[in-house]
Amino acid sequence: MTAMNFRRARLLKAGIMGSGPVVYWMSRDQRTSENWALIFCQDIAIKNGLPLSVIFCLVPEFLGASRRHYSFMLEGLREVERKLDEMNINFFLLNGSPESEIPGFIDEHRASLLVADFSPLRISLNWKKEVAKQISIPFYEVDAHNIVPCWLSSNKQEYAARTFRPKIYRLLPEFLDEIPVLHRNSVCFEENSDNRWDAAEIYRTSTDEKRSAIRHIAPGEDAAKRRLRSFIQEKLSLYEKERNDPSKDGQSGLSPYLHFGHISAQRVALDVLASMKEPGSFLEELVVRKELSDNFCYYNSNYDSRLGFPDWSRKSLDEHQRDLREYIYTTEDLEKARTHDQLWNAAEREMTILGKMHGYMRMYWAKKILEWTESPAEALNAAIYLNDRYEIDGRDPNGYTSIAWSIGGVHDRAFKERPIFGKIRYMSYKGMRSKFDVQGYIEHVSRLEQISET
Ligand code: FAD
Ligand code: FO1
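Since the model is a prediction, treat every value here as computed from it, not as a measurement.

Some remarks on the domain arrangement of the protein
Phase 1: Per the domain assignment, the segments of the protein are domain 1 (6-145), domain 2 (150-179 + 220-301) and domain 3 (302-452).
Phase 2: In this assembly, 24 residues from domain 2 lie in contact with 26 residues from domain 3.
Phase 3: Interface area for domain 2 against domain 3, summed over the two sides, is near 2200 Å², with a carbon-plus-sulfur share of 57%.
Phase 4: Where domain 2 touches domain 3, the interface holds zero salt bridges.
Phase 5: The interface formed by domain 2 and domain 3 holds 11 residue pairs in polar contact (both at pLDDT 80 or more) in total.
Phase 6: The leading source of residues in the side of domain 2 that touches domain 3 is helix α12 (residues 282-299), at seven residues.

In structure tokens, the structure reads:
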């Protein structure tokens, strides 16, 4: 049996168990290893002598995702299917919206019980609400994404990292525990699904994508573990020094894998600690900042609107709404990197070409959008649109929260008042130049451009 802490699970809706398989509705955490939702399901299946099936509901569009995102995700899901097959666990790829596909699957397979993984995003909460209305079997949710379940680390929206940090650190001894391995299922109770991966191809080939697929990042849980190993061996001890230098490759590069759930943040934290290397602020980012983002999106339903900003910043931005803007760009100007600022243009092109802008540039990038658009609301929409359309780690609570931090001062403090920004923290080209080799970064991105055009 597993040593799972059952406080990671919560009952969304009571019901009468069916006679068929325990079903894990995989969505956010697309991996077979170290996945608490899957471990929870297997525990129930073994205890009750039931089969275990995993389903993934593929929706035709998802928060502006384009071909590069579906391509990355589908590769990862095919690896999930292969690994589950080796464990004698069925994997079913459903096509369409969860509220229409999942109740039908449950009826057809006489499922005993449904388990979903956790996400604080509106789209995911709505899916679950609609599915819950149509099923009568027990429906559980397991937070397989956060080390400390989001609903336990805090019971309200936290003001800042400094108010959240003590709460999450107090719970780490209970939740930063070793993760049990999945057992091979004794027998595969059901016919194997003949998943229509060719039908899923439409999402990979949709011509709506201007830029090529992401070739420099291999998708899937094996690649994620390789990336973690190489980060710990080669870059962790330099992280503190190099992480904020966009002309250096000092970050972990784990965000695409964390976003798609190809790797567990708990595994990352456990391996970083076991390495006995000085992690600098890496764990602050991976544990406090990342789980604070889920806290913000979970408790603030306006996480992607200026209504989600704190009162002080909304008031201050309103007071400066009419300030003269020296530069005004449309979303299209921004998307095409057609501004007067070569540094900003380089960051935009790094994102559209690589699908991953350097973390330090992301703050500058978003703040300049506030400076160069008609209003904070328009800035927020433009930043979210571009971030979700091009970033491989986009469409994520980290993105909505970090953009709200950059443009609306969420989790930040008030600064000396200035035009347009009001009391929002300002970042200047001059300031960036004093921090790192701006020219080196601009040249680095133009080299990327040449390579990507070949
Ligand atoms: P590392 O520095 O190696 O960090 C490791 C992990 O810690 C990251 O993968 C991430 O999960 C977490 N992390 C690091 N910084 C932050 C942060 N500031 N807030 C929350 N979690 C953090 N991150 C996304 O995952 N998706 C996004 O869409 C996204 N959009 C952003 C938009 C803006 C305007 C800003 C300022 C930041 C955004 N971030 C986003 C947060 C951060 O920039 C990225 O997580 C980081 O650059 C990813 O690269 P990495 O994994 O190599 O980072
Ligand atoms: N989750 C799903 O359950 N079905 C999908 O079709 C799906 C598509 C998708 C595309 C891009 C992307 O970045 C994420 C996508 N997700 C999908 C998963 C997603 O990671 C999470 O469920 C949400 O981000 C909620 O946090």
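Section: the environment of Phe421
Phase 1: Structurally, the position occupied by Phe421 is in the loop between α18 (397-408) and α19 (429-435).
Phase 2: Ignoring anything within four residues of it in the chain, the contact list for Phe421 reads Ser316, Leu317, Lys367, Leu370, Glu371 and Tyr426.

Here we look at the site of ligand 1
Phase 1: Ligand 1 sits among 26 residues. The nearest are Tyr239, Ser252, Gly253, Asn387 and Asp393.
Phase 2: Taking Gln251, its side chain carries an N or O atom lying 3.2 Å from an oxygen atom of ligand 1.
Phase 3: Here an oxygen atom of ligand 1 and a side-chain polar atom of Lys356 are 2.9 Å apart.
Phase 4: Starting from 810 Å² of accessible surface for ligand 1 in isolation, the protein chains cover 94%.
Phase 5: Among the elements of the structure, α10 (255-259), α12, α16 (359-371) and α18 are those that each provide at least two residues to the shell around ligand 1.
Phase 6: The dominant element in the shell around ligand 1, judged by the number of residues it contributes, is α12, at six residues.
Phase 7: For the shell around ligand 1, the class distribution of residues is eight nonpolar, 12 polar and six charged.
Phase 8: Structurally, the shell around ligand 1 is a two-domain feature, drawing no fewer than three residues from each of domain 2 (150-179 + 220-301) and domain 3 (302-452).

Parameters and conventions
Residues numbered from 1 in each chain as written. Chains lettered and ligands numbered in written order. Predicted model: local features only at pLDDT ≥ 70, side-chain atom pairs only at ≥ 80, totals over all residues. Heavy atoms only, no water. Domains from an automatic or database assignment. Contact = heavy atoms within 4.5 Å. Buried area = accessible area lost by both parts, 1.4 Å probe. Salt bridge = Lys/Arg side-chain N within 4 Å of Asp/Glu carboxyl O. Polar contact = N/O pair within 3.5 Å; in protein donor to acceptor, adjacent residues only side chain to side chain. Helix = DSSP H or I, 4+ residues; strand = E, 2+ residues; numbered from the N terminus. Near = heavy atom within 4 Å. Areas by Shrake-Rupley, 256 points an atom, 1.4 Å probe, with all protein chains shown as cover. Nonpolar A, V, L, I, M, F, W, Y, C, P; charged D, E, K, R; others polar.

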